[in-house]
Every structure is written in structure tokens, then in C-alpha cells.
Amino acid sequence: MAQLPCIVIVGAGQAGARAALTLRERGWAGRVLLVGEEAHAPYERPPLSKRSLLTPEAAATLVAEVSRYAQDGIELQLQTRVLSIDTAARCVTLAHGDDAPEIVHYSKLLLATGGKARRLDLPGADDARVMTLRHANDATRLATRLGPGSTVAVLGGGFIGLEVAASARQRGSEVVLLEAGPRLLGRAVPADIAGLVHALHAARGVDIRLLDSVSAFEPASASGRITVRCASGTTIAVDTVVIGIGMVPEVSLATAAGLQVRRGIVVDSTLRTSADDVYAAGDVCEFPNHEGTGTTVMESWANAEAQAVVAARNMMGDAEAYRPDLWMWSDQYDHGLQMAGRCIEPSHVVTRVLPGGQLAFYLDAEERIVGAAGFAPTASLARAFTVARRLVATQERRRPAELGDPERALKSLLAA
Amino acid sequence: MSNWIDVCALDDIDDEDVMRFDHAGKTYAVYRVGEAVYATDGLCTHEQVHLCDGLVMDHVIECPKHNGRFDIRTGKALGAPACIHLATHPAKVEGGRICIAC
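Please read all numbers here as calculations on a predicted model, not as lab measurements.

Visitor: Give me the packing of aromatic side chains: which residues, what numbers.
Guide: Residues and elements named next belong to chain A. Summed over the entire model, instances satisfying the criterion amount to four aromatic pairs over all chains. Taken together, a centroid distance of 5.5 Å and an interplanar angle of 65° make the contact between Trp-301 and Trp-329 edge-to-face. Of this pair, Trp-301 sits in helix H8 (residues 301-315) while Trp-329 is found in strand E22 (residues 327-332), placing the two residues 28 residues apart along the sequence. Classification of Trp-329 by relative accessible area gives buried; the value is 11%. Pairwise contacts between aromatic rings join Trp-301, Trp-327 and Trp-329 into one cluster. When the ring centre of Tyr-333 is taken as reference, the NZ or CZ atom of Arg-204 above it lies at 4.9 Å. Over the face of the ring belonging to Trp-327 we find Arg-389, whose NZ or CZ atom lies 3.7 Å from the ring centre.

Visitor: Account for helix H5 (residues 159-170) of chain A, with residues named and values stated.
Guide: All names here are of chain A. When the terminal C-alpha atoms of H5 are compared, their 16 Å separation across 12 residues agrees well with the 16 Å that a helix rising 1.5 Å per residue should span. By the criterion of burial, H5 is predominantly enclosed, with nine of the 12 residues buried. All of the buried residues in H5 are Phe-159, Gly-161, Leu-162, Glu-163, Val-164, Ala-165, Ala-166, Ser-167 and Ala-168. Looking one or two residues past H5, Gly-172 carries a phi angle of roughly 100°, positive in sign.

Visitor: Tell me about the nonpolar core, and name the residues and values.
Guide: All names here are of chain A. Within the largest apolar cluster, 55 residues are counted, with the highest numbers of intra-cluster contacts made by Val-8, Ile-9, Ile-85, Val-92, Leu-109, Leu-111 and Leu-271. Setting aside residues no more than four positions away along its own chain, Ile-9 makes contact with Gly-16, Ala-19, Ala-20, Leu-23, Val-32, Leu-33, Leu-34, Val-35 and Leu-110. Judged by nonpolar contacts, the second largest core, of 38 residues, contains Leu-133, Val-152, Val-189 and Ala-373.

What counts and what doesn't
- All residue numbers refer to positions counted from 1 along the written sequence of the respective chain.
- Lettering of chains starts at A and numbering of ligands starts at 1, both following the order in which they are written.
- Under the rules for a predicted model, residues below a pLDDT of 70 receive no local features and side-chain atom pairs below 80 are neither given nor counted, while totals for whole chains, interfaces and linings still include all residues.
- Only heavy atoms go into the side-chain values, all of them from the structure, while hydrogens and water stay out.
- By convention, a stacked pair of Phe, Tyr or Trp rings (six-membered ring in the case of Trp) has centres within 6.5 Å and planes under 30 degrees apart, an edge-to-face pair has planes over 60 apart, and any other such pair is tilted.
- Put simply, DSSP H or I for four residues or longer makes a helix, DSSP E for two residues or longer makes a strand, and each gets a number counted from the N terminus.
- In this scheme, a residue with accessible area under 20% of its type's maximum is buried, one over 50% is exposed, and one in between is partly exposed, where area comes from a 1.4 Å probe on protein chains only.
- Charge over a ring is defined by NZ of Lys or CZ of Arg lying within 6 Å of the ring centre and within 35 degrees of the ring normal.
- Multiplying 1.5 Å by the helix residue count minus one yields the expected span of that helix.
- The set of buried Ala, Val, Leu, Ile, Met, Phe, Trp, Tyr and Cys residues whose side-chain atoms join them within 4.5 Å is what this entry labels a nonpolar core.
- Note on contacts: a residue pair qualifies if any of its non-hydrogen atoms lie within 4.5 Å across the two residues.

Okay, structure coming up:
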């Protein structure tokens, strides 16, 4: 009897799980093997720095109900490591605990191995109180360390750092945030919006220190605290340090298998790697950007979702080019921060005042809306930004005066 | 027999819009499209987010968080990330007031 064709997915995170589910939705009749190292069923990461810290007893946000995998005939193998990939023989070697390794042949292979939190190579950085936040277990551990009377140093003024700072303040911890750059969110968010974010954190009591970084961690004696020695010469004694300085794509398997790897696993526009029948999606995937000017590794929920769907279709025989959904959000306190499209080097910026915040549109020389960024209380931003995303997606051309007019309902601009 | 609950005046909700309504420990989303009204559970089935902050267009509510989309007439989930349908509740307009049956 001929063996059923088998699609093996390495990595049971957002991208891996979404790809598996999509294969079944699209009618794939062969085997689907979804392999993950963690003990948890596939979960969403965005809540780890927010809800998981604020209400630790809340259940994880799962990509799908656990029962769905069995219903869909998806073989979900948790706590399973992939030891190696043999692209010539089209097989992977799996290790379940202490069992003898198992060899599985694939017809298509998807690498959705994600990444690991970037650490600091500094004296004392291996102290257990110096943490990163990437996995559900990290959030569980961090959550137990927050609360009135505790002090947290957050290293990095990017999305993760700011979300952790907000959650820690909401739990009652004292928070010091160190950012090496001249402003918060310097990598991804326009300065005007980042300024609003800064003001909110300062108002909520976060001690923000720009242009400063850590030179060493020193275990202090009696207090049980750890001393953060800063480049500026100051020292801060804290109970917990959270490093939020980005992630490193997990490429070791791909590298060992001889795939083309730069920062991430390099793919073409259809998400195929350099090896036949091997695809990549999610945080680990380095794909050609749609401007044709280079490649990108995009760490976002929306990217993991959308790439997984395209990879699944293409593994079933399509050759769809991936167009990234340039959209990201962050939740801090009761505020939302959202960005869509390209917000850098616009010809014009049109700012629209929202209750408690603002929404900025970025226009090119032809007054096409190429990007949007907003920061405001969630209830005020969410709906406005849904409209903004649509305007950005189709690069609508609108007069700046209309866009910025607070009397003009934003929704009416969709049909204009 | 359903128990009709008074929500608000029809004109309290803009055309093609949604409002949150809390009753007896539950939260609902109440919609108006022209003279027609609809009601569903108030929280997205994907990640417990209030749908009242979302956008209504062409009988579809889009969740403000992850853009899970639902048909407000049937509660049908219209694609990932929302996979679970939204519960709907009877709704009517009587004497210019919106009522729903919880």
C-alpha cells in the first residue's frame, strides 16, 4: 500500500498551527504532523506580555481548541524535538523524550521554528532574576514576581518592554525602563506617536531612562535584590530584570540542513526555501519585501497568520506570492497602539485627533495613503484604525483636509 | 417565552453601527442597519474582546483586535482567526425602542 503523503510542520506556534489548520480547511487529505517542543498546545503570544501578566489565572489564548487537532486529523506532537532534517532523503528525525528517535518522511516540510529572545552577554546575565519573555512558561514565572512592593527593571523601550512595563505598573510594581536609544520605539514607530506613548508611561509612573543601558548585573547580598549597573554610572537595585531587546530567529535546524540562511531562513516570494519542498513561515522566515528592495524578517502576529495561510496553500500546489500584511498593534494600559503600511519618509503627515489620542496618516507625493499609526484608548482607536487599515490597504487618495477633519466621520472616507 | 429587554432608542445607535449592552451579568452587542436591528453576544469568540469597539460594514462586524469577522444577522464566523460562531439573540424595534431577548 502506498504511504499517504505527509506534510510535516516544525514548530507549533502561531504560524505552524495556522498552517496545519489551513491545510485541512483547504482539503489536504494526506497526513499533517505538527511538531512542537513546548508542552502547551499552540497558543498566541501577544497576550503573554499583557493578559498573562495581569490575570495569571486566565487560560492561555489558544490558536484553536485542543480538540480541534484530533477532529481535523492533525497529528499534534508536543514536547517533541526535531533533531535533524535530511533534504535529500526528505525526512526529519524526531525525538520524544528518551524514546528512540523516529524518522518521518515528508512530501512537504514547513519550518515555523520562530525565534528565541535575544539575551545580553554581560556579567551576571545568567542570574535567574534576569528574565526574557517569549514563551508561556516565561510569562507564568514573571507574573509571580509582579505586585506591590516589587521592583522591575525593563531593558528595552520597544513593544515587549513597554507592554511588560505597563503590566507591571498595573500589578503595582515599581518600574524602571532603560532604553539605549534617544527615544522609545525608535525602530518601528514614528516619533510623534512614540512621544504619546512616552508621555502615558511617564504619567503612569514608569521611570524612563533614555540613552542608558546596562553594563553588568550584580547579585546584591542581604536584600535578595539584583543590582543593575548602568553605562551612565548609576545603579538600580531591583527584584526582577526583564530583557526586551528583540528576538533571534531559530535557524539552527535549517543551517545544519544546509538551507540558505541569513538572519532568518531565506525564502522566495512563494515562501519556498532553497531546498526543494521545504517552506518557511512566521518569525523565522526571511522573505523578499514587496518593494523588491531586499528581504525582511517580520515579527508580528499578522505576519505569522498570513504567511502560514500562503505557505499551506503553496504546499498544496499553488504558487501564490506572499504580500505582507504590514500591520501591528500593542496594548498598553487601556491604550492601543496600531500601525499599518509604511509610516517612514512620507511626503505629508495628516494628524487626526481622537478622543484621548491621535491617528496619523502618512501620504506619498500623490497624496495616496501609504501608512497609518495611532495611539489612543482602545475604545477610541480600534474602530478608527479599522477604517485606517482599509484606506492604507488600497492606498486610497484623499485630500489631507478631509482626513484630518474631526467633523468628518472617518468611515465616510471609505466610500468617498 | 422570550423576555424582551429594553435596550435604548433606535436613534441612540447610528446607522450601520454597534453598541454595547450589559444585562444580567452578560454583555451583548446590539447593531443597527437602517431600520433593522440585530443582537449578538458582546465578546469576540476568538479572544474575549468587546465587539462594540469594532466596525460594522455590510452586515459584518469586524473585531477591533484581530479582525475576526462575523455576520451580524447569523453570527457566522467569516474566517480565521475567528473559528467559532457568535451567538445571536432576537432583536426588534417597537415604538422607536430597541428590544432584545436575552
